[in-house]
Structure formats: C-alpha cells, structure tokens
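In case you want the letters, here they are:
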Amino acid sequence: MIRKMVNVIICLSLMINGFYATGNGDSISKATKREKDFIVLSISGKNLTKATNNYQHITNKTSNIQTKFNYVAVCKMDAKEASQLDDNNDLIVEEDQIMRASTESKTILRGKKLDVFWNSKMIKAKKRLREKQTKKVKIAVLDSGIDWGNDIELKESISFVPDEEGMNPLFMDGSGHGNSVAGLIAARDNGRGITGINPQAEIYSIRVLDDENEAPVSRVIQGIYYAINKKVNIINMSFGMPQYSDALKQAIDDAQRAGILVVAAAGNTSGKVEYPAAFPSVLSVGSVDSCAEIADSSAKGDKVNIVAPGELVCTTGEFGDMLIASGTSLAAPQVTAVASVLWQENPSATNELIKHVLIQSANYNTPEGYGLVDEKYAIENYSSIAEEYYTKKSKEEQENTSKIYTNSDTGCVKGSWTQSIHESLVGSGHSNVKQGARYPDKNSRFKTITSNPGWHGSYNVNYIAAYIYATRMAEQLGNGKSATKASKPNGLTNAEATNMLGDVNSLDWTALGMTTNGKKRAFAWGMAMHTAADIFAHSAFVYSNGKWNHLAHGGTHNGEAINNYADNTSKFDGRFYSAENIVHSIVEKYDAKNGSGSYKEFRGIDASKKDYRLRDLVDNIKETTSDNIGNPYTAFNLSNSSANKGIIEYYWRG
C-alpha cells in the first residue's frame, strides 16, 4: 500500500511539473523549439528592422550593412519562424552555412633548384617592372586576411571575424591562406620571395575566413557588400561550399550589377563545382598541374569556365617566406591577376567584357580541352574579341592552341604538413612564430593593454625592455628550461617582469600545440615580435595644430569621440613601414639562433615616411644599454623633456 501511494504521488508530481513546464503553449515552444542562425537579407532594405525586431540579432557574427542594394542581418530563430518570415517577398531567409577554403595541401621543398615561376610561364604572364600606373585596378581579396608588409602592398585591411577589432594588421592572416592567394596576385618585385603577376594592383584585404579557414555565409556576404561599397573592380574568393544559397547569389548578383568581376575557386571536389563558383555570373576557376593536365582534386565539368596552375605552385608564406601549395585556391588568384592586367590596359572595359575576353582567349591546347588562361594572347587579341562581343558578329578567329610551357619536374614534391614531419625536414619554420605574434590579440588574459602593457608596446612600460625580456624567456624555453630562468633587463620593474613571466607560465603548451622546445621558443619569439610591432600602434604620436597627438583605439573622453587610428593602416602609414622592417629584423634574429633580442632590431625604424614619433623611445633604449645611440632613434623620439617642444595630447579626435 505504501509503495502504491509513493508511485501515485510521483506520477502526480510529474504531471503537475509537466503542466507548469508546458503552460499555455508559449513555454512549450521555448522549451522544445530548436533555434539556429538564419541570414535575413532584404532587397530593398525597408522591412529588415521591422521584420527582425522580435528576434535575437547575432551581432558578433555580422552587422547590418547598408549599401545601395541590400541590408543583411543574422538572427536566432527556428525553422517555422524562418519559413513565416521567408513569406515576405522583400526578404531572403535561409540557414547560415559554413564555407571553407579551397586549398588542398601545403607542400615541402626538395633539396634542388626550383622552377619558381613555372606557373607564370605556363600562362604567359609578363614580368612587370615597378612602374607608375595612372589607373590601378582595385581587387578585394576575401580570404583569411593578408599581413601588412608581407611582401604585398595593401590599400586597406579589415577583419570581419568576431573579436578581432584590435588585431595588429601585421599579423592579420591567421592561417597563411590569404597571404598565399594575394602573393600570386601582387607580391612585390623586390628580389625577395616570388613576384606576383600584377604588383601594381590595389589590394583590399577583407578577412572573412577564420583561423580554421572557415566562414559562415553571412560573413562572406558582409565582405561582398563591403567590397561593393569600396567600388572595387574584382572580388577574388578562394573558398566554397556544396550547398546552393539564395542569399549568397543575391549578394554576388549585386556585385556583378555594380560592375564587379567575381572570380572564385571551383573547389577541390574532384567532381562538381562548388558555390559561389557555380553561379552563372561568377568566373569559375579549376586547376592544372605543371603538365597542363587537370588536377585530380580539381572540380571538373562544364561549369569550370577557365583553368590555371594550381598544383605545387610557389607563392608567399609567412614574413615574406616562400611557400609551395596546391588547390584551386591558388588557381583563382592567377586568373584574377590576369584580369586586372587586362583591365589596367583597357580601363573602359566592363566586367562582362573582361570575363568574355579571358574565356575566349584561353588556350584550349590542354590534354582535357579546358581553357588555360593566357595573358599574352588576351592582350594581343583584346580588340578583335571585344569587337566581336559588342557587334555580336561572329568572326573567323583562330582558336588559341599555341604551345604551352610544361615542366614535369618543378623541383617540388607533395609532403605532409603535419608539424612534426615539417619540422624534421625544414626546421620549425615561421608558422609557430606567427601564432605567437597573433596570440596577445586573441587570448583574453593577454588582450587588455591596461593590465598587459608589456605585451602591447605601451608607453606605460619600457617597451624596449619588455621586448628584450620576452626574447630572453623564449631562449630559456628553447633550451628546455623554465622562463623563470630569464634575467630581467634594465628598465623593466620587478612588478612588470613578474606580470609578463606569470603570463608565459600560464600558457598551456599542449593545448597550443607547442609541445617541443623549438615550438615554445618560436611561439614566445612571436609574442616578443608582437610587443615590438605594437609600439607603432600604441606609443605613436603625430603632430597637428601645435600638439603631439596620440593615436588611439577609439572610445570617448568627456563625452567626445576620440580617434580610432592606432591599427588603421591608412592613417600615418609610415609607422607600419617601420614596423615591417623591424619585424623582418626580428625574424632574422630568431633564425640566427645567437641569443636574445636587443634594441638593435629597431634600426629599421628609419623609414622614408617620418609622419610620426614614438613616446620615450630614446629614454627606453638608454635604460637598457650603455651604448652611445643616435639616429635613427633620436629622429623618431618624443618625450616630455625640453628637447621636444609642444604639448602632448592623449585624447585627440583626429
């Protein structure tokens, strides 16, 4: 009887709890509905705010972008709500999907002479001298970002990846993918690394792919509309996905209507072309190897508009290094570069005409009959192809079946890019240094400049001493010892050194993937590099209206907005050229393996543009050394001493 009564009470309790849990239907909806991220895109822009008022906006994924075409937002909702909202004819509503880079693999070098420019020879790309161009073609590279100063001249750099507003532009590319893509387009002709097909092109770096080379469709759409606003001529996208997307198609069609040529990698599917390359308005690019044969991994079929070299192609790596990689990701930017050359020589051309000329001038003398992009033929036959295009009159033209340069042995082999194998063959390289250089802007413990001035080049600490101390800790780690063994340099207080040491000791090396002494050394050298590079963002001042004004990270003071110029490469860019020189000096010091760093790595500060000064540069150096120092350090020094006339202002609006 007691057991029966207990069972009845339990059942009644469950029924009552179930009643209150479900309530009047609203509660049951909240308890059971499955919310996902949905893109909401408005063609006219009129109804977006009103239509999405009742939903949670995912502001850390994308923001509303106003253009003359569209508004776009990402909201949390379930499938039923999305379907109801989709009934509005002005809106496109669809689940946010993930897009991925189209790089198949990185590779290693063989110990012999490389045919570095075999790909340029195959597509008959002319080496361009450093000459002034009155009409520069603007190219938006939507990718994982491009590092400022990594052998590529950037017009502008921006990241749409969440929580990267303060990322140092010298370390923008989190995976190396964006650098490799942009290098093929526009790497400088400076005797270092490769030279891009068109170094004169104006490159806009739009970071949408994260460190895993992935991005939601919504972020890609955001990048496309940003490129439209910048009035670029070409958008390059070396990534894709198998699923169709109405929202993505709308954005790309809007770009095409704005006069932009959209070029995309066909994908490494060995079969069907991925989106966005599969859209009719996009120039879809497949890849071939050094024998002009379609790559096994490349997408194939009628939707491949054109092909370019994509197997074992030499391009730009970390800090101007040379990298060899494979995939349609590497083929697409070469077509983009040739398109920019063609447009540069014919500024009145339309995006549709450039696309038509590229396809019509391609060399079809390939084993499988795919059209290989041919810069020389496109330029020489532009007029006749353009005339046929505009008059719609078919002319008896000779099809481009000229001989193609091939090389069955370029001096490269495919190799595993696992860290252990890579290190055993070519040393630790610079990828781990790069990870360390990005870390202080990504990790929550390191990010705050107020509590971590030593990691961010702040004038509130002796930043020269902080850099030196970081390298000393790196060297101890490289020798298999604790960072605690590193000696504190002059100029750094005990409290400041303790703070930096505590940060390093807090690192979870296993989670970071830095399990060997060499990797730990590389990572810590990267963090030291970040300190040095950040000096030019956080301790820089410019002269205006009788005052030395601080370049800040935005915010307000006494109710007024202050400037947000610290990491803006378009503002007083002389500092970034200096920072670039110093980063390369640090890489050389790291590679030399002859001890910790010193102030001498800062000699590269003597850049051509002296449009800034660094707070307490000379004082900081003098605290760390007994050397007699002069130029270039004194020429860039700013302090409160009588030698520097003028008022220092920290809350400049700009």
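Quick note: structure is the one above.
Criteria and thresholds
- Residues numbered from 1 in each chain as written.
- Predicted model: local features only at pLDDT ≥ 70, side-chain atom pairs only at ≥ 80, totals over all residues.
- Heavy atoms only, no water.
- Helix = DSSP H or I, 4+ residues; strand = E, 2+ residues; numbered from the N terminus.
- Buried < 20%, exposed > 50% of the residue type's maximum accessible area, 1.4 Å probe, protein only.
- Contact = heavy atoms within 4.5 Å.
- Areas by Shrake-Rupley, 256 points an atom, 1.4 Å probe, with all protein chains shown as cover.
- Pairing = 2+ DSSP bridges.
- Axes fitted to C-alpha atoms, helices over the stretch in contact; angles between N-to-C directions.
- Phe/Tyr/Trp six-rings, centres within 6.5 Å; stacked < 30°, edge-to-face > 60°.
- Lys NZ or Arg CZ within 6 Å of the ring centre and 35° of its normal.
- Left-handed = near helix turned anticlockwise from the far one by under 90°.
- Nonpolar A, V, L, I, M, F, W, Y, C, P; charged D, E, K, R; others polar.
- Parallel < 35°, antiparallel > 145°, perpendicular 65-115°, else oblique.

**Student:** An account of the overall build of the protein is requested, with residue identities and associated values reported.
**Tutor:** For the protein, the count of helices and strands is 21 helices and 25 strands. For the protein, the residues scored as buried account for 57% of the 654 residues in total. Taking contacts inside the protein between residues at least 6 apart in sequence as the whole, the part at least 24 apart equals 74%. Within the structure as shown, the protein displays about 28200 Å² of accessible surface, and the carbon and sulfur contribution to it stands at 47%.

**Student:** Lay out the sheet that holds strand 13 (residues 261-265) in plain terms, naming residues and giving numbers.
**Tutor:** On the basis of which strands lie adjacent, the open sheet formed by seven strands has the order 8-9-7-11-13-14-15 and parallel pairing. Strand pairing shows two members of the sheet lacking a second neighbour, strand 8 (154-159) and strand 15 (306-309), which therefore form its edges. Averaged over all pairs of adjacent strands, the angle between strand axes in this sheet comes to 25°, irrespective of strand direction. As judged from the four bridges shared by strand 14 (residues 283-288) and strand 15, these two strands associate in the parallel manner. Across the sheet, valine 288 pairs through a bridge with proline 309, a residue of strand 15.

**Student:** So what's going on with the packing of aromatic side chains? Which residues, and what values?
**Tutor:** For the coordinates displayed, the defined rule picks out 23 aromatic pairs. With centroids separated by 5.3 Å and ring planes inclined at 65°, the aromatic side chains of tyrosine 439 and phenylalanine 523 adopt a geometry described as edge-to-face. Highlighted residues: tyrosine 439 in the loop between helix 14 (431-438) and helix 15 (444-447) and phenylalanine 523 in helix 19 (residues 517-538), separated in sequence by 84 residues. Given the relative accessible area of 1%, phenylalanine 523 is considered buried. Put simply, the rings of Tyr439, Phe446, Trp455, Trp509 and Phe523 pair up and form one aromatic cluster. Above the face of the phenylalanine 636 ring, lysine 610 is positioned so that its terminal group lies 5.8 Å from the ring centre.

**Student:** Can you break down the packing of helix 6 (residues 177-186) against helix 9 (residues 328-345) residue by residue, with the values?
**Tutor:** Interhelical geometry of helix 6 versus helix 9 gives an angle of 35° and a closest axis separation of 8 Å. As helix 6 packs across helix 9, the resulting crossing turns out to be right-handed. Touching His177, Ser180, Val181, Leu184 and Ile185 of helix 6 are Ser329, Leu330, Pro333, Gln334, Thr336 and Ala337, all from helix 9. By residue class, the composition of the contact of helix 6 with helix 9 is six nonpolar, five polar and no charged.

**Student:** Got a sec to walk through the packing of helix 16 (residues 463-478) against helix 19? Specific residues and values, please.
**Tutor:** Where helix 16 contacts helix 19, the axes come no closer than 7 Å and their chain directions differ by 175°. Considered as vectors, helix 16 and helix 19 are oriented roughly antiparallel to each other. On helix 19, the residues touching Tyr463, Ala466, Tyr467, Ala470, Thr471, Ala474, Glu475, Leu477 and Gly478 of helix 16 are Asn517, Lys520, Arg521, Ala524, Trp525, Ala528, Thr531, Ala532 and Ile535. Looking at the contact of helix 16 with helix 19 residue by residue, the classes come out as 11 nonpolar, four polar and three charged.

**Student:** Go over unusual backbone geometry, please, and point to the residues and values.
**Tutor:** Geometrically, the link from tyrosine 275 to proline 276 is a cis peptide bond, its omega value of 15° lying close to zero. Of note, proline 276 is situated in the loop between strand 13 and strand 14. Residue asparagine 631 is joined to proline 632 through a cis peptide bond whose omega torsion reads 10°. Note on placement: proline 632 falls in the loop between helix 21 (617-624) and strand 24 (637-638). The phi dihedral of alanine 292 falls on the positive side, at around 65°, and the residue is not glycine. You can see alanine 292 is positioned in the loop between strand 14 and strand 15. Residue alanine 292 is classed as buried on the basis of its relative accessible area of 3%. Of note in this structure, phenylalanine 572 is not a glycine but carries a positive phi near 50°. For phenylalanine 572, the location among the structural elements is in the loop between strand 22 (560-561) and helix 20 (574-592).

**Student:** Give a description of the sheet that holds strand 1 (residues 36-42) that names residues and reports values.
**Tutor:** Taken in spatial order, the four strands line up as 2-3-1-4 in an open sheet, and their pairing is antiparallel. Pairing within the sheet leaves two strands with one partner each, and these edge strands are strand 2 (56-57) and strand 4 (91-95). The sheet contact formed by strand 1 and strand 4 spans five bridges and is antiparallel. Bridge pairing in strand 4 places phenylalanine 38 opposite glutamate 95. Helix 7 (residues 217-229) rests against strand 1 and strand 3 (71-77) of the sheet, and its axis sits at about 30° to strand 1. On top of the sheet, helix 8 (residues 246-257) reaches strand 1 and strand 4; it is set at about 130° to strand 4, its chief contact.

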